[in-house]
Amino acid sequence: MGPKGESPPEIAEQIALFDLADSDATTGCNDERNDERNDSAETVVAATTATEDASADAVADTSATETDIASNTADAAHSPPMWERLPAGEEADGHAIVVSAEGSCRPSGHPLTGPVDSIAKLAKLIGWAGLQPMGAPAQVWIVGMDACEQLGWMIDPGSEDDATPEQLRTDACTQLEHLIGTSLEPMLADGWELRGTPGHRIHLSHTVGKSTAMVDVILEPYAWTMWNSGDTLGILGTESDDELRDTELPSADADAARELGRRLAWSVKNLGVLPGHTGARTGAAVLDKIRRERKRTGKGLIVNTAGPVPPLDNERPGDLEPAVLWTRLPEPGELDDTTQLVTIDQRAAYLASAGMLTFGTGTSRHIFADEAETAARETKRPFGLWLVTLPAAASLNLPARLPLPHPHMRDDQPVSTWVTTVSLEGLTSPVVDGGAGLDVDDLAISEAWIYAEQGRALESWAATLRTARQIAATTDDRPMKEFTAACYKGYIGRMLNPDMWTSTKMQHHHQPLWRASIMAHSRWRGRRAAMRIARETGRWPLRTVTDSWVYAISDDDQIADDSTALGKLTIEKQTPLSGSIIEDLYSANEGVQVRDILARAYREGH
C-alpha cells in the first residue's frame, strides 16, 4: 500500500507492473467503450424522453409500417436498463479497483492491468495502487467466477436439490475460509495480516512503522454466502422474479465490472463513503463521517456511547414500540360504491422520522412519581422512556375503524407499559390528529428514564440519504435508490442489536431507544394521515402493516398526497375491486379472512 495521502503513479509509471493494459487489452474496462457509454449517458434522461416521444410519434404516424413498429419494440425490449446507461464517475478512483477475468480497472473504467491470475499479482496490484479509505477500508472487487478461478478461489458448495440454503451457505463459507486462508500464505509471509475469518470478504492489513493500511478484497460471485439474507448483496443489488425489481449486476462479466464501477463511484459521490458489505454498514459509515466532521469542527451533537435500554422493572417482552399489524371487518354498505383497492405508504417513512426527531445520548437519569409527572408536563419533554398506565380503550372515545392508539393498549383493561417520549406526545394529542386525547393525569406516570443531553443526532445523516435518494429517483437509477433504502432501513433496524456493533469504535451505533422513537413517530404520523383521509373522503382503512394502509375507494377518492416530500403518502400498489371480492369481504367473519381476501385481490388484479 502507498503512504497515506500519496496518489498512485500515473499510467506512464505503470510499466513495471505486470501485463500493463492498453486501451484494447481489457474488454471489461475499455476506455473507448466507457467513453462511448458516458457520452450517451450524459444526456440519458433527455435522450430517453426523446426516445419515448419518438416512439409515441411513430405509433401515431399512419405511415409507419407494422414491421418498423415491431422492430422498434423488439429493440426497446432488449436494451439495457436505464441505470446501465448512466455515466461512471471518477469519485471512487484511488479508493477501489475492479478486477474481472480480462484485467483490472478503476471504477471509472480506466484500465490498469491485464489478467490478475495469481495471488502474487493481486498483492503487487494492491501494493502499487496506494488505495485510500473512504468511510470504509479501500476495496478490490473480484467480479465474475472466471476472475475467482484465476486466483484459485473456486469452490463447490453443492446443489440446492441436496441441501437447504443454510447448509449451502455453511459449506460454502467453510470451503472459502480454508481455500483463501491457504492461498494467502505468501502474502502473509510478506507482512500482510488477515483480519477475521476470510469469506466472500477478505480483510487485509499491512503495517509499516506506525502506519497501518487496510484493504477489503470482495468476491462478488460469493456475496450470496452472507447470512443476513434480507440485506445480502448490498450495492450489488437484489435478485427478483419480477424483472422490474431485479437490480443485480448484468450477467456478462464485462458489463458487470463496468456497472459495479459506476455504483462505487455513485456511492462515494452521493453518500461520501465506499459501500459497506451491507446497507446497514453503509448507513453507519455515512453517520460516522458526519461524526468525524463534528469532532473536527466542534459543532453538532457528538454521540460517543451506546444507548442500551435502561433496566426496566416491568419490561414487556418484544419491542418497546412494536409495529402495527391490524385488520378489521368492513361494515355493511361500506364497500358498495368502491371500485379500487389501494395500498398507501409513507414515502421513506423511517428516513423522514429520523431527520425530524430529537434523540437523547449519554447517561440517563431515573426519576419517579411527582418528578416524572412534572417532566411529562414540560412543553419540551425530555427524550426518554415513561412508565404509563394506558386506560382501557373501551372507556375512551376513539374511532372504531382505526387500530388502537398504541399497540400495547387493550379494549377491556388498563395496561401498564413503558413508552417513548414520541408515544407520550401522541397519546396526549387530540383524537382528530390521530392521538388518544389523553391528559398526563390519565396516564398515571410513575417512573421515567430521561436524558439531559439531546439533539437531532440524525438530521444531517437523513439529509445526506434523502438527497441521494432523490438523485437516484430523478435519474431512474433503481439499484441505487434501493441501495439507499437499504442503508437507512438496515441501519435503523440494526440499532436494536448490540451484536451488530461489538467493536469499541462501533458501539455508539447501538441505539434501541432511537429506533423505538422512529417506529413510534412513523406510526403516529400514519394515524394522523388516516384521520385526515376520513375527514376528507369518509374512507377508513381495512388493514395496516407497519406504516402502510389498505383502503377500498371509489374512482373519485384522492387519498395519496401530491407532495413528493418524505413521509407523505404515496400509492404503493392498487388493483380493481371486483364484485366478487366485495362479496367475500362482506362475508368474512374474522380479520385473517379479510387479510387473505385482500391478498387474493392483488394477485388476481395482476
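Just so we're clear, the structure is a prediction, and the values are computed from it rather than from any experiment.

Caption draft 1: Layout of the packing of aromatic side chains. Enumeration according to the criterion identifies 5 aromatic pairs in this entry. Aromatic side chains Trp461 and Tyr491 sit 5.4 Å apart centroid to centroid with 50 degrees between the ring planes, which places their arrangement in the tilted category. Taken together, the residues Trp461 in helix α14 (residues 459-474) and Tyr491 in helix α15 (residues 478-494) connect sequence positions 30 residues apart. Three or more aromatic residues joined by ring pairs make a cluster, and in this case those are Phe359, Phe383, Tyr451 and Trp514. A cation over an aromatic ring shows up here: Lys573 above the ring of Tyr602, its NZ or CZ 4.4 Å from the ring centre.

Caption draft 2: Geometry of the nonpolar core. Within the largest apolar cluster, 91 residues are counted, with the highest numbers of intra-cluster contacts made by Leu260, Leu271, Trp386, Ile445, Leu458 and Trp461. Counting residues in each nonpolar core, the second largest holds 34 residues, with Ile97, Leu112, Val140 and Met187 among its members.

Caption draft 3: Layout of the packing of helix α17 (residues 579-587) against helix α18 (residues 591-605). Between α17 and α18, whose axes approach to 9 Å, the crossing angle comes to 170 degrees. If you check the angle between α17 and α18, you find them roughly antiparallel. Residues Ile581, Asp584 and Leu585 of α17 lie in contact with α18, whose contacting residues are Val594, Ile597, Leu598, Arg600, Ala601 and Glu604.

Caption draft 4: Fine view of the pairing of strand β9 (residues 340-346). β9 sits mainly inside the fold: 7 of its 7 residues count as buried. Neither face of β9 is left uncovered, since the one carrying Gln340, Val342, Ile344 and Gln346 and the one carrying Leu341, Thr343 and Asp345 both have all their residues buried. Sheet analysis places β9 next to strand β15 (residues 548-553), joined by 6 bridges and oriented antiparallel. The residue of β15 that forms the bridge with Asp345 is Ser548. Pairing of β9 with strand β16 (residues 569-576) involves 7 bridges; the strand directions are antiparallel. What sits directly across from Leu341, in β16, is Thr575.

Caption draft 5: Quick look at the side chain of Arg469. Along the chain, Arg469 falls in helix α14. The side chain of Arg469 is buried and forms no salt bridge, while Asp345, the nearest opposite charge, is found at 8.8 Å. Every residue in contact with Arg469, bar those within four places of it in the chain, is listed here: Arg347, Ala348, Lys481, Thr484, Tyr488 and Leu566.

Caption draft 6: A look at helix α6 (residues 165-183). For α6, spanning 19 residues, the distance from its first C-alpha to its last is 26 Å, which sits close to the expected 27 Å at 1.5 Å a residue. Here α6 has its buried residues at Leu168, Arg169, Ala172, Leu176, Ile180 and Ser183. Projected down its long axis, α6 carries its buried residues within an arc of 90 degrees, all on one side. On its buried face, α6 is in contact with α4 (119-129), α7 (185-189), β6 (201-208) and β7 (211-219).

Caption draft 7: Molecular detail of α4. Burial analysis of α4 places 8 of its 11 residues in the buried class, the great majority of the element. Turning to α4, its buried residues number three or more, namely Ile119, Lys121, Leu122, Ala123, Leu125, Ile126, Trp128 and Ala129. Phi turns positive, to about 60 degrees, at Gly130, one or two residues after α4.

Caption draft 8: Region of the structure containing the environment of Gly493. When you line up the elements, Gly493 lands in helix α15. For Gly493, a relative accessible area of 31% translates into the label partly exposed.

Caption draft 9: Main features of the sheet that holds β7. The 7 strands lie next to each other as β3-β2-β1-β4-β7-β6-β5, forming an open sheet whose pairing is mixed. Strands with a single pairing partner mark the edges of an open sheet, and in this sheet they are β3 (111-113) and β5 (192-195). The sheet shows a mean angle of 25 degrees between the axes of neighbouring strands, direction not considered. Pairing analysis gives 3 bridges linking strand β1 (residues 96-100) to strand β2 (residues 103-105), with the strands arranged antiparallel. If you follow Val98 over to β2, its bridge partner there is Cys105. Lying over the sheet, helix α8 (residues 253-271) contacts β1 and β4 (138-142), oriented at roughly 170 degrees with respect to β1.

Rules used in this analysis
- Residues numbered from 1 in each chain as written.
- Predicted model: local features only at pLDDT ≥ 70, side-chain atom pairs only at ≥ 80, totals over all residues.
- Heavy atoms only, no water.
- Phe/Tyr/Trp six-rings, centres within 6.5 Å; stacked < 30°, edge-to-face > 60°.
- Helix = DSSP H or I, 4+ residues; strand = E, 2+ residues; numbered from the N terminus.
- Lys NZ or Arg CZ within 6 Å of the ring centre and 35° of its normal.
- Core = buried A, V, L, I, M, F, W, Y, C linked by side-chain atoms within 4.5 Å.
- Buried < 20%, exposed > 50% of the residue type's maximum accessible area, 1.4 Å probe, protein only.
- Axes fitted to C-alpha atoms, helices over the stretch in contact; angles between N-to-C directions.
- Parallel < 35°, antiparallel > 145°, perpendicular 65-115°, else oblique.
- Contact = heavy atoms within 4.5 Å.
- Pairing = 2+ DSSP bridges.
- Lys, Arg positive; Asp, Glu negative; His and termini not counted.
- Salt bridge = Lys/Arg side-chain N within 4 Å of Asp/Glu carboxyl O.
- Expected span 1.5 Å × (residues − 1).
- Arc of directions from axis to C-beta.

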